[in-house]
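Descriptive analysis of the structure
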Number of protein chains: 2
Amino acid sequence: MMTNYKAPLRDIAFAMSEVCDYQAHYERLFGADHASPDLVEAITGEYARFCENVLAPLYRTGDEEGCRWEGGQVHTPPGFKAAYDQFVAAGWPGLACDPVHGGQGLLRSLALILGEMSGSANIAFTLYTGGLAGAIETLAVFGTEEQRAVYEPPLIEGRWNATMCLTEPHCGSDLGLLKTRAEPADDGQFVISGTKIFITGGEHDLAENIIHLVLARLPYAPEGNKGISLFIVPKLLPVGEALEPNGVSCGSIEHKMGIKGSATCVMHFDRARGYMLGEPNRGLSAMLRFINASRVRAAFQGVSHAELGFQKSLSYARDRMQMRSLSGPTNPEGPADPIIVHPDVRRMLLTQKVFAEGNRVMLHYLAQQLDVVEHGVDDAQRRCAERRLDLLTPIAKGFATETGFEAANLALQCFGGHGYIREWGVEQNVRDARIATLYEGTTGIQGLDLIGRKVLANQGAALREFCDEIDAFRETSQVRSALVEHCRALSELTTEWQALARQISQRAATDANEMGAASVDFLMYSGYVCLAYFWARSAGAALSKARAGGDGASFYQAKLKSADFYFNHLLPRSRAHAAAIGNGGASIMALEEAHFAF
Amino acid sequence: MMTNYKAPLRDIAFAMSEVCDYQAHYERLFGADHASPDLVEAITGEYARFCENVLAPLYRTGDEEGCRWEGGQVHTPPGFKAAYDQFVAAGWPGLACDPVHGGQGLLRSLALILGEMSGSANIAFTLYTGGLAGAIETLAVFGTEEQRAVYEPPLIEGRWNATMCLTEPHCGSDLGLLKTRAEPADDGQFVISGTKIFITGGEHDLAENIIHLVLARLPYAPEGNKGISLFIVPKLLPVGEALEPNGVSCGSIEHKMGIKGSATCVMHFDRARGYMLGEPNRGLSAMLRFINASRVRAAFQGVSHAELGFQKSLSYARDRMQMRSLSGPTNPEGPADPIIVHPDVRRMLLTQKVFAEGNRVMLHYLAQQLDVVEHGVDDAQRRCAERRLDLLTPIAKGFATETGFEAANLALQCFGGHGYIREWGVEQNVRDARIATLYEGTTGIQGLDLIGRKVLANQGAALREFCDEIDAFRETSQVRSALVEHCRALSELTTEWQALARQISQRAATDANEMGAASVDFLMYSGYVCLAYFWARSAGAALSKARAGGDGASFYQAKLKSADFYFNHLLPRSRAHAAAIGNGGASIMALEEAHFAF
């Protein structure tokens, strides 16, 4: 009854090669012979098969069975261990890792692009592997040679797993409040004590060891964000070839709305042995690198959820017969027409499709910036990519996850009442998708990050630079008649976007709350502008092939039509956000706290 | 840990008495001495206590335990039977029913207004009582005297319960396809055979009997909607004082995303005895009365979910300390400020508040139209109310449930990651709220009903008449300086609303799909206009009391500020819907069905 996930390889290839020119990107960083198109295609296809054949069949059962906590042990759902073993055996954990420590040295963007597929096939499973990549990266950047030598190889193999331990019961968004203590031990190492919550994969039965990267405070550390250090705290301490117990235990797991196959753990550190990673009191900035990469990964989940819902609802809309087309029966022999003939069903399907495909292109672009930051040939190139990454990460995280959730709900809506029943799996997609706007920084946190740190802090320079990129695209594209309307819209948007930023800046100069009041509207507005740009680029990439005709042309014609739908039916939402920003924050702040309810 | 529901009696009284002038409405229908303000207040307060003390404590356990199906029997969650017994003992089922058959003869609007509270306290429980009211009403209108005498008294007592059986596996929105058969029996009655799905309360352990109102086809009935008849099919047949088995059984219950305490049943009718209700082949129009009332009831659930989420998130936002206010600490002694100081948290709280309170007023207004249709003193009055009810029911159902779901999600968002954990009950509210945009006609069905049957079918006359009402309010209100801006907006909106309807009509004349393509945008646009009207009326009702000062003034000042927030931050969304309508349906219809995915 339930549609099986099919990896959208054709569209991933379009985003990768035809819009973002992956091959040129590779060559720019490594020269011509680093990763051939054939190799990239083979890797992508292989991972697609793993997602379709191994992960997708565990999607529903993982939700139904969930994780079990028994006396400190966490049992993942049936089948997860075998799937993890296959994941490890195929070498997937090390795809984008340093070859010196056993990795394959491919680009980070490729790992992220693959992650979209596992996010669709089985997001709960995927969360056991996402933290791994982030931890390896953090070790690679901040670890000593010795630390890297001890921890990287088993993590890259996937024999060991890893977590990030940030949140505590009284602090999530505001890490400056954290209380976990790190006391110096006699041998120069540390003793870690405290409780962390919401630790994804904090304890489970998939790997032989789990390496926790823990934020904690040294004695006499400054208060707030500047007194936080980062520590490696293994579940089991590597002592020679042996693994010995450490003071790390899982107190319970959370009962959640969704992602039930992912163990969300309460972790107790009870005088556990820890090793400092990076410099004292600089833990939060070390973690920030990890956090930013996690945000890009979470943004990809918005695409995963939109794509999965789209596939399920498209399949249902083609099969389900209900009522006649308003313009005359399309299936006169049958009792009714398939519901895909109804304009509002098409609107819901197109909205999902256009968010999935548009956000996919945006994220491929963003993932390439990550590559350039890591491997760029010169400083100017790296710094430019860093500015782009800084600006677009909160937009992408906020916008792709919000619209991913909207898309998941539209998929359910296409099913009518049937969508509310568990067996179709489409309500699970809604529940699973709901976490994405919360973790790795809520949409509100992304909004503040965007307007405060990424736009106003540099007087709009990063925004101007990106608008210049859009304007440059527009100038070369507006001569193509099929793109004239899109380019006209882009021209107005880049002007308005910067004007809105200036308006917020001016108001915030006398009332800092104006920044917060506008933040999420500004984020969503920015998302709609970005998608306009990436849909215009997609249309530009499709145009000549769409006109060439022949068998392959219909794919490109669909791109042009999808772009039209975006500009006509979704981009107008930018009007609402711009107007809300224009109206200022006064009516948000006017109500006294005591008067919210009577 | 979880906030308990508190009935918003102050705000219900405001909507009821101060905006909608309930007392004048009563007097207009029944004369001065029918129901005193004291009586109405006493009833409302009593029901509020029942909701707070009996239903709310079963909210979480009902979700955790759910219903159990065992060999055809359905067991409701622990506590539901005792609560139902109290509901019956207090006489609540008969509140708005005919005194001749044991009812209390109060107005239907009062029952609906009370229903909002039980919908917040425990929507799953409430669904066992909602169908009861609808069935009693249908019997009252279409039943013979004999049928009324047999069925109404035990239903009004609540000793028996009732369902509506419409949906079948292959037809939901399109009832014309239904297959359940009704064959004449020798004694002039009928034998019913077929399977119905999604039957709310189809089988359970709350009442001694369940009366099913079943849509079925007579032999040789015309195809489609015009060949459907309505039948009374009791679970147990009343034979004298005894109850004897009938061919009715529950084959299974659905496993759903939410409302888990409500049994959603597959019902088999296997040569069950049935009695025709109303005329042959007129079943669908008989059912329509019921369906319309159910839609108003479902619309109230949008308020229920928005109110519940608002209460939970407001309480959390006052307690949770995280980060400092952008404009300087408000809680300098504490480790951080309560998150309600943050503008974006306020934006999320205000959005919920303004949807809950605005939709509440709209629905009180709508419920009064139901009263007038039923009890209006002359034909002209009744017909005017009917036109208003016809026009506003799809808007209210679609808009209040969509915004109710949005509000439920914003409540969860205020909690950050904690909202995703089951123990707070705020994710349950999201899951429970998700059904409301699906049942009693999806939002898409409401959209088609609105633009097709309610606007274009009468050449916009009903819309014009309602716009005239808005304009009349505006003309008398715009002289009040505090309302000038709201009135200016209303003036533009009533003009634009009718212009959009004309535009759709003109396009639909040559392409019927234009109607479907615009339908949901037109519905949501209409909702934002209606809420602008009802918020302007609320502000108008609050204005002089807000200025009077004194202890009570802060409630009214909050109304004025909430109205400002609505006009500045939510009404701008009408721009997006108007623009999408203006851009027409071409880009919705352009993509060939085969090219939705490759």
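Conventions we followed
- Residues numbered from 1 in each chain as written.
- Chains lettered and ligands numbered in written order.
- Predicted model: local features only at pLDDT ≥ 70, side-chain atom pairs only at ≥ 80, totals over all residues.
- Helix = DSSP H or I, 4+ residues; strand = E, 2+ residues; numbered from the N terminus.
- Rg over C-alpha atoms; globule rule 2.2 N^0.38 Å.
- Buried ≥ 20, exposed ≤ 12 C-beta atoms within 10 Å, placed from the backbone.
- Contact = placed C-beta atoms within 7 Å.
- Nonpolar A, V, L, I, M, F, W, Y, C, P; charged D, E, K, R; others polar.
- Least-squares fit on C-alpha atoms with pLDDT ≥ 70 in both.
- Domains from an automatic or database assignment.
- Axes fitted to C-alpha atoms, helices over the stretch in contact; angles between N-to-C directions.
- Parallel < 35°, antiparallel > 145°, perpendicular 65-115°, else oblique.
- Expected span 1.5 Å × (residues − 1).
- Bend = angle between axes of the 7 residues up to and from the residue.
- Left-handed = near helix turned anticlockwise from the far one by under 90°.

**Remarks on the overall build of chain A**
Scanning chain A for helices and strands turns up 18 helices and eleven strands. Relative to the 2.2 N^0.38 estimate, which gives 25 Å for 598 residues, the radius of gyration of chain A is 24 Å and therefore close to what a compact globule would have. Dimensions along the principal axes, computed over C-alpha positions, put chain A at roughly 80 × 65 × 60 Å. Looking at chain A residue by residue over its 598 residues, the buried ones come to 59%.

**Regarding the environment of A385 of chain B**
All names here are of chain B. Structurally, A385 can be placed in helix α10 (residues 379-414). Judged by C-beta crowding, with 20 C-beta atoms within 10 Å, A385 ranks as buried. With 351 residues separating them along the chain, A385 and H34 place their C-alpha atoms 21 Å apart.

**Here we look at the interface of chain B and chain A**
Taken together, the contacts link 77 residues of chain B with 77 residues of chain A. Listing elements by their share of the side of chain B that touches chain A, those giving two or more residues are α9 (343-375), α12 (443-455), α15 (513-548), α16 (553-570), α17 (573-582) and α18 (586-589) of chain B. For the side of chain B that touches chain A, the element with the highest residue contribution is α16 of chain B, accounting for eight residues. For the side of chain B that touches chain A, the per-class residue count stands at 36 nonpolar, 24 polar and 17 charged.

**Focus: the relation of the copies chain B and chain A**
Overlay of chain B on chain A (RMSD 0.0 Å): rotation 180°, translation along the axis 0.0 Å. A rotation of that kind, with that shift, is consistent with a two-fold axis. Comparing interface residues between copies, 100% of those in chain B also sit at the interface in chain A, which points to an isologous, same-surface contact.

**A few points about the domain arrangement of chain A**
All names here are of chain A. Taken domain by domain, chain A consists of domain 1 (9-154), domain 2 (161-281) and domain 3 (442-588). The distance between the C-alpha centroids of domain 1 and domain 2 comes to 24 Å. Tallying the contact residues gives 28 residues for domain 1 and 27 residues for domain 2. Counting only elements with at least two residues in the side of domain 1 that touches domain 2, the list comes to α4 (59-65), β2 (73-75), α5 (80-89), α6 (108-142) and α7 (145-157). With eleven residues, the top contributor of residues to the side of domain 1 that touches domain 2 is α6. Residue classes in the side of domain 1 that touches domain 2 are distributed as 16 nonpolar, ten polar and two charged.

**Regarding the packing of helix α6 (residues 108-142) of chain B against helix α8 (residues 283-319) of chain B**
Following both chains from N to C, one finds α6 of chain B and α8 of chain B inclined at 170°, their axes separated by 9 Å at the closest point. Taken together, α6 of chain B and α8 of chain B sit at an angle that is classed as roughly antiparallel.

**Topic: α15 of chain B**
Residue and element names in this part refer to chain B. Under the 1.5 Å per step criterion, the end-to-end length of α15 is 54 Å for 36 residues, consistent within 8% with the ideal 52 Å. Along α15, the helix axis deviates most sharply at S519, where the bend reaches about 45°. Where α15 terminates, the next one or two residues include G549, which has phi positive at roughly 70°.

**Some points on the packing of helix α9 (residues 343-375) of chain A against α15 of chain B**
Packing of α9 of chain A against α15 of chain B brings their axes to within 7 Å, and their N-to-C directions diverge by 50°. Accordingly, the angle class assigned to the pair α9 of chain A and α15 of chain B is oblique. Classified by chirality, the crossing of α15 of chain B by α9 of chain A is right-handed. Across the interface between the two elements, P343, D344 and R347 of chain A of α9 of chain A pack against N513, G516, A517, S519 and V520 of chain B of α15 of chain B. Broken down by class, the residue content of the contact of α9 of chain A with α15 of chain B amounts to three nonpolar, three polar and two charged.

**Focus on α12 of chain B**
When the local axis directions of α12 of chain B are compared, the greatest deviation, roughly 30°, occurs at D449 of chain B. Taken together, the buried positions of α12 of chain B are occupied by T443, G444, I445, Q446, G447, L448, D449, L450, I451, K454 and V455 of chain B. Where the residues of α12 of chain B are buried, they touch α9 of chain A together with α10, α13 (461-477), α14 (484-510) and α15 of chain B.

**Regarding the environment of S252 of chain A**
Residue and element names in this part refer to chain A. Looking at the element boundaries, S252 is found in strand β10 (residues 248-253). With 48 residues separating them in the primary sequence, S252 and F300 have C-alpha atoms 29 Å apart. Once residues within four sequence positions are removed from consideration, S252 is found in contact with W69 and V266.

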